[in-house]
Amino acid sequence: LLIDDGSKDDVAKNCDYIAQSDKRIRVYHQENKGVSAARNTGIESSTGGYIMFVDADDTIEKNMCSEMLGFLNKESAEVVISGYFRDYMNGKSEKVVWNNETIVFKQKSEKKSLISNMLQPEKGLAFCWCKCYRKDFLDTHALRLDPRLSMGEDVEFSYRVLKCADCIGYMPQPFYHYYFNEKSAVRAFKESTVDDYIKSVQILGEDLLESYKYDKEVCQSYYSLVLYHLLLTMINYSFHPQNLDKRREKIKKFRELCCHPIYKRALCHVNYRCFSITRAIP
């Protein structure tokens, strides 16, 4: 399924051209509604038994589907997660693997630990891609991406998926190639960045802080995720080269942002061990 989310260039035509050459490919054109709505269109339009997401500029290994489907059926899991490659514009590639062993999570305590790790961005577990889901599992639990979110929608969706699943698998093999584009929409300067990031952690926290309010590990991981979003706001908005405010005004506004209740609360629980040195310093 190719989901054209309101493209304004030749993407739509290219999608139609590709579909004409292969009867297995179906194209869906819609007005631009954002990544969450586009993925939901894919889920709703699917007639198969499994769901995988591949972003437009990424690629996958040839054996990804067969290996992940084989794991799902062998373990009777609802979702399986894999490692991935981070491919850079200069041709270099970095393997991102959270754990070197294949693992199956079934116990409540195991799931809780997985959720805690998923909330830490550098672990690479929160993305919608490099996962394979059973379609009936997503339908049974009405699991769809929140259309209100254009930032941080992956982690919010992944949290609900892991919370609902009875059996989750992890495969260390890096089947997915994530293309790290410095000019991607995630890193583009937008006036809505501040509100978008706050909204994403607020919506996630509404359920998480209630469901795991007595679990220090999960709550700490959530606060670290909130501060990671503050760091992203610092880079992609507050001190972005396209922010035309004077330096003094940038600092003033960023200090005010740090006093926002959601960030202020997280700063009171900061744990630098949750971050790499390059993120802990800023």
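Here, every reference points to the structure presented above.
This is a predicted model, so every value here is computed, not measured.

## Section: the environment of D4
Next up, step 1: Position of D4 relative to the elements: it lies in strand β1 (residues 2-5).
Next up, step 2: A relative accessible area of 5% places D4 in the buried class.
Next up, step 3: In this structure, the C-alpha to C-alpha distance between D4 and E67, residues 63 residues apart in sequence, is 28 Å.

## Considerations on the layout of surface pockets
Next up, step 1: The calculated volume of the second largest pocket comes to roughly 250 Å³.
Next up, step 2: Around the second largest pocket, the lining comprises 14 residues; the ones closest to its centre are L227, L230, L267, R279 and P282.
Next up, step 3: Counting residues per element, the ones that place at least two in the lining of the second largest pocket are α8 (216-238), α9 (247-258) and α11 (277-280).
Next up, step 4: Broken down by element, the lining of the second largest pocket gets its largest block of residues, four residues, from α8.
Next up, step 5: By residue class, the composition of the lining of the second largest pocket is 13 nonpolar, no polar and one charged.

## So, helix α1 (residues 11-21)
Next up, step 1: Residues A12, C15 and A19 constitute the buried set of α1. Angular distribution of buried residues about the axis of α1 spans 60 degrees; they occupy a single face of the element. Projecting away from the buried face of α1 at angles above 90 degrees are the exposed residues K13, Y17, Q20 and S21.
Next up, step 2: Elements that come into contact with the buried residues of α1 comprise β1 and β2 (27-30).

## Regarding the packing of aromatic side chains
Next up, step 1: If you walk through the whole model with that rule in mind, you get 16 aromatic pairs.
Next up, step 2: Look at F127 and Y178: their rings are 6.2 Å apart centre to centre, the planes differ by 25 degrees, and that puts the pair in the stacked class. Placement of F127 in the loop between α4 (108-118) and β8 (131-134) and of Y178 in strand β9 (residues 168-180) is noted, with a sequence separation of 51 residues between them.
Next up, step 3: For Y178, a relative accessible area of 16% gives the class buried.
Next up, step 4: Connected via pairs of aromatic rings, a cluster forms that spans Y84, Y88, F127, W129, Y176, Y178 and F180.

The rules behind each value
- Residues numbered from 1 in each chain as written.
- Predicted model: local features only at pLDDT ≥ 70, side-chain atom pairs only at ≥ 80, totals over all residues.
- Heavy atoms only, no water.
- Helix = DSSP H or I, 4+ residues; strand = E, 2+ residues; numbered from the N terminus.
- Buried < 20%, exposed > 50% of the residue type's maximum accessible area, 1.4 Å probe, protein only.
- 1 Å grid on protein atoms, 1.4 Å probe; cavity = no way out; pocket = protein on both sides within 12 Å on 5 of 7 lines; lining within 4 Å.
- Points joined across faces, edges and corners; volume = space filled by probe spheres on them.
- Nonpolar A, V, L, I, M, F, W, Y, C, P; charged D, E, K, R; others polar.
- Arc of directions from axis to C-beta.
- Contact = heavy atoms within 4.5 Å.
- Phe/Tyr/Trp six-rings, centres within 6.5 Å; stacked < 30°, edge-to-face > 60°.

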